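# Observations on the model geometry
Residue strings, one per chain:
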Amino acid sequence: MLKSTVTGNYPKLPTQKGDINIRRMLHRFDKAEINRQELEQAFDAVTARVIREQLESGIDLPTDGQIRWDDIVTPFTSQADGFEINGLIRWFDNNVYYRKPTVVSDIKWQKPVAANAYRLASTQSGKAVKAVLPAPYSFMKLSEDSHYHNQGRLLADLAALLRAEVGALVAAGAEHIQFDDPCLQYHAEDLPLAAEAINSVVKGFHATFWLCFYFGSIEKIAPDFGMFDVSVIAADCVSVPTNCEQLLRFAHHQIPCFGMTDARNIKLEQDDILRQKYERISLLFPDAYISTSCGLEFLPHANALEKIKLLGCTVKQFRGE
Amino acid sequence: MLDTTTVGSFPKPDYLQKARTQHSVSKLSDAELHELELQATREVIRQQEEVGLDILVHGEMERGDMTTYFAEKLLGMGISDLVRSYGNRYYRKPIVADALQRPAPMTIEMFKYAQSLTVKPVKGMLTGPYTMCDWSFNTHYETRREVVLAFARLLHDEVKDLQSAGAKYIQIDEPAISTRPEELPLAIEAMAIVTEGIAAKTISHICYGDFHTIYPLILDLPVDQLDLEFANSGYANLDIFRTPRFTKEIAFGVLDIHSHRIETVEEIVSGIRKGIDVFGVEKMTIDPDCGLKTRTTEEAFAKLRNMVTAVRQVKSELGLP
């Protein structure tokens, strides 16, 4: 049976005027009008709303929406030794930016980042929630190295940091843990290195591990998906429609997850066309996941909500529910 | 030769920021806001003259965002709810929702007003067709190509109107052009439509991208001058332009507009010398890396004062008038 999920982040600001506005709360925190505890309570309340909206939309496997995060790497750099944060860099081909971490000394994990958010989301959800981490390879490519000057050592220490995060997540009860690796499809020659790093992170842990690619073509890496010790491979089938064919052709060793709902444009997909695609996928992979093409934070809240309602509804209808 | 200019935007004075907020909640009329925009334009023209710039800009006091402003003027466009660009910063993204039309000139009134305040040339300022497409949602056209070319045709009319209004310099910004190198030929095709038959000097500003991926093909962009950032990379990206030889005029960015720090005259002089080594003095105009609207007015003009002093020092060393 096909199942629905989302890729990771979710719009932080609400459409409804009465709902908590995290932007305003952050401004108030900056001006010392509220304290840290009040800000954390606001983050928790928004996370609860985000989980509720996903469940009400019929999403089978939600995420916590990454409400506390600005991007996928800096939350981990702020809680570990070895990093400084630098200037703004464009986030792939989007009109969105992130602050590039610079590695300035040996990287050492200090305390869990993702586990607390997972616990909250899991409590709110009452069912499985997918935790999301950066893959070690993309973590490295999205950072600047001014310390190691040795890719192997840097990648090994990033993998060790992420292994500690995975340990904390598994201890917190996480059953699904996704690694986002959006840089790898642009550097296919590094696939063995990236696979070795991921495999060292997950080794010995019992969870369903995901590897997620978005924005680019997976054509050059898909034939080697078998090198990754993960259970699910997810790909953006909107930005590069041929990624769908690549998943259908090469996801022999894993369950594929097809990113079919465009999370970078507000135009809604036609549900009959989505169902035709589900039909084709389910013939080859009856247990596949269907998801958004990437994180939903590129959309305003109301549009993101429409997208997940369409996703949840069409997958449920396809299952005959 | 070594003329000084800026990229386009200047910080809005506090009274105008407050007025824009009041206007957004209907507590200030269009006419009252417009009067304050004119006042701020008068001030920024006077400040540019005082600091000694050669080619002025009108400062974009009437514009909130470089794409949204045009979306508000064109038929067929809407504006989305807020989406996050980085950190706690959000913007309203344009939507191409119907066939694009330009019901009236969009920039002529402010250009004419600014030009009437000074004997120095004022640049006409537009956002290019590729960036307008890339930074908008599209729910109407079937392909990105259709969107880009539709923008190109109506921007051509705007450029003709600017030229008729007396603009000697017309800048058509394309900051998104380096994000998808595979679409560079489309951006070039579109710019050819925009600048066809235009005798005024045409300029295109490009920033925050990987110039490796678009050089030397970017030399085919049909404008007279490319305006590029160099200071924020510590001039590390200069080497890209050594081979093959740069064939256009260059507006050479020597101020990091994302830094509060005021660059010293000495370091700007050093940067200009590095630029001369690659581009040759006869092809160079000197300016900041990007628009100055994210800086305070004090920071912006402190940076520009040092830039003008540095240029005068280099001119003196070279025996230039």
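First things first, this report covers the structure right here in the doc. (Residues numbered from 1 in each chain as written. Chains lettered and ligands numbered in written order. Predicted model: local features only at pLDDT ≥ 70, side-chain atom pairs only at ≥ 80, totals over all residues. Heavy atoms only, no water.)

Let us now look at the overall build of chain A. Assigned secondary structure in chain A consists of 10 helices and 10 strands. Relative to the globule expectation of 20 Å for 321 residues, the C-alpha radius of gyration of chain A, 19 Å, shows essentially globular dimensions. Out of the 321 residues in chain A, the part that is buried amounts to 58%. By sequence separation, contacts in chain A at least 24 residues apart represent 74% of the contacts at least 6 residues apart. Of the roughly 13000 Å² that chain A leaves accessible, carbon and sulfur atoms contribute 49%. Counting 34 positive and 40 negative side-chain charges, chain A places the centres of these two groups 4 Å from one another. (Helix = DSSP H or I, 4+ residues; strand = E, 2+ residues; numbered from the N terminus. Rg over C-alpha atoms; globule rule 2.2 N^0.38 Å. Buried < 20%, exposed > 50% of the residue type's maximum accessible area, 1.4 Å probe, protein only. Contact = heavy atoms within 4.5 Å. Areas by Shrake-Rupley, 256 points an atom, 1.4 Å probe, with all protein chains shown as cover. Lys, Arg positive; Asp, Glu negative; His and termini not counted. Charge placed at Lys NZ, Arg CZ, Asp CG, Glu CD.)

Let us now look at the environment of B:T213. Residue and element names in this part refer to chain B. As for its position among the elements, T213 is in the loop between β7 (201-206) and β8 (225-228). Through-space distance from the C-alpha of T213 to that of E182 is 9.2 Å; in sequence the pair is 31 residues apart. Excluding residues within four positions of it along the chain, T213 makes contact with S178 and P181.

Residues and elements named next belong to chain A. In spatial order, the strands read β2-β3-β5; together these three strands make up an open sheet with mixed pairing. Bordering the open sheet on either side are β2 (80-90) and β5 (144-145), each of which pairs with just one other strand. Here β2 runs beside strand β3 (residues 97-109); their pairing, made up of eight bridges, is antiparallel. From the neighbouring strand, I89 faces β3, where its bridge partner is Y98. (Pairing = 2+ DSSP bridges.)

Okay, the side chain of A:S4 next. Residues and elements named next belong to chain A. For S4, the position within the fold is in strand β1 (residues 3-4). Residue S4 is classed as buried on the basis of its relative accessible area, which comes to 0%. With residues up to four places along the chain from it excluded, the contact list for S4 reads G58, I59, D60, L61, I290, L311, G312 and V315.

Moving on: helix α4 (residues 114-125) of chain A. For the α-helix, the turn length of 3.6 residues means that residues three or four positions removed from each other point alike. Residues and elements named next belong to chain A. Between its terminal C-alpha atoms α4 stretches 16 Å, which fits the 16 Å expected from 12 residues at 1.5 Å a residue. Listed as buried for α4 are A114, A115, A117, Y118, L120, A121 and S125. Here the buried face of α4 lies against α2 (36-56), α3 (74-78), β4 (130-134) and α6 (151-171). (Expected span 1.5 Å × (residues − 1).)

Looking now at the packing of helix α8 (residues 265-279) of chain B against helix α9 (residues 297-318) of chain B. All names here are of chain B. Contact geometry of α8 with α9 gives a least axis separation of 8 Å together with a crossing angle of 55°. In terms of orientation, α8 lies oblique with respect to α9. Regarding α8 and α9, the two cross each other, and that crossing is right-handed. Judged by residue contacts, V265, I268, V269, I272, R273 and I276 of α8 engage K303, N306, M307, T309, A310, V311, Q313, V314, E317 and L318 from α9. Here the residues of the contact of α8 with α9 sort into 10 nonpolar, three polar and three charged. (Axes fitted to C-alpha atoms, helices over the stretch in contact; angles between N-to-C directions. Parallel < 35°, antiparallel > 145°, perpendicular 65-115°, else oblique. Left-handed = near helix turned anticlockwise from the far one by under 90°. Nonpolar A, V, L, I, M, F, W, Y, C, P; charged D, E, K, R; others polar.)

This next bit is on the packing of aromatic side chains. Taken as a whole, this structure holds 25 aromatic pairs over all chains when the rule is applied. Measuring from ring centre to ring centre gives 5.8 Å for B:Y235 and B:F252, while their planes differ by 25°; the resulting arrangement is stacked. Of this pair, B:Y235 sits in the loop between β8 and β9 (249-253) while B:F252 sits in strand β9, placing them 17 residues apart in sequence. The exposure classification of B:Y235 matches that of B:F252, with both residues buried. On the numbers, 4.9 Å between centres and 75° between planes, the contact of B:F246 with B:F279 is edge-to-face. Within this pair, whereas B:F246 is found in the loop between β8 and β9, its partner B:F279 is found in helix α8, the two being separated by 33 residues in sequence. Judged by its relative accessible area of 3%, B:F246 is buried. Put simply, the rings of B:F211, B:Y215, B:F230, B:Y235, B:F241, B:F246, B:F252 and B:F279 touch in pairs and so form one group of aromatic residues. Sitting above the plane of the A:Y289 ring, A:K3 keeps its charged end 4.9 Å from the centroid. (Phe/Tyr/Trp six-rings, centres within 6.5 Å; stacked < 30°, edge-to-face > 60°. Lys NZ or Arg CZ within 6 Å of the ring centre and 35° of its normal.)

This part covers the state of the cysteines. In a disulfide, the sulfur atoms of two cysteines are held together by a covalent bond. Going through the model one piece at a time under the given rule, you end up with zero disulfides over all chains. Between A:C237, a free cysteine, and A:C244, which holds the nearest cysteine sulfur, the sulfur-to-sulfur gap is 4.7 Å. Its sulfur unpaired, B:C133 is 16 Å from the next cysteine sulfur, which belongs to A:C294. (Disulfide = S-S within 2.5 Å.)

With that settled, the discussion passes to the interface of chain B and chain A. Quoted interface sizes are often the accessible area lost when the parts come together. In this assembly, 24 residues from chain B lie in contact with 23 residues from chain A. Summed over both partners, the interface of chain B with chain A buries about 2300 Å², with 52% contributed by carbon and sulfur atoms. Taken as a group, B:R84, B:N88 and B:Y90 account for 27% of the area that chain B buries against chain A, more than any other trio of residues on that side. Counting the contacts that link chain B with chain A gives three salt bridges. Of the charged contacts, one joins A:D70 and B:R84 as a salt bridge, the two residues approaching to 3.6 Å between their closest N and O atoms. If you look at where chain B meets chain A, you find nine residue pairs in polar contact (both at pLDDT 80 or more). (Buried area = accessible area lost by both parts, 1.4 Å probe. Salt bridge = Lys/Arg side-chain N within 4 Å of Asp/Glu carboxyl O. Polar contact = N/O pair within 3.5 Å; in protein donor to acceptor, adjacent residues only side chain to side chain.)

With that settled, consider empty space enclosed by the protein. Here the structure, examined in full by the defined rule, presents five cavities of 30 Å³ or more. As a volume, the largest cavity reaches approximately 310 Å³. In terms of lining, the largest cavity is formed by 22 residues, of which the most central are A:N9, A:D71, A:W91, A:E297 and A:F298. Secondary-structure elements contributing two or more residues to the lining of the largest cavity are β3 of chain A together with β2 (75-86) of chain B. (1 Å grid on protein atoms, 1.4 Å probe; cavity = no way out; pocket = protein on both sides within 12 Å on 5 of 7 lines; lining within 4 Å. Points joined across faces, edges and corners; volume = space filled by probe spheres on them.)

All names here are of chain B. Residues G124 and L126 line one face of strand β4 (residues 124-127) and the alternating positions M125 and T127 line the opposite face, and both faces are buried. Summarising the sheet, β4 and strand β6 (residues 169-173) pair through four bridges and their orientation is parallel. By the bridge assignment, G124 is partnered in β6 with I170.

Following the sequence through the fold, B:E72 ends up in helix α3 (residues 68-73). Once the C-alpha coordinates of B:E72 and B:M106 are considered, the two residues, 34 residues apart in sequence, prove to be 9.5 Å apart.

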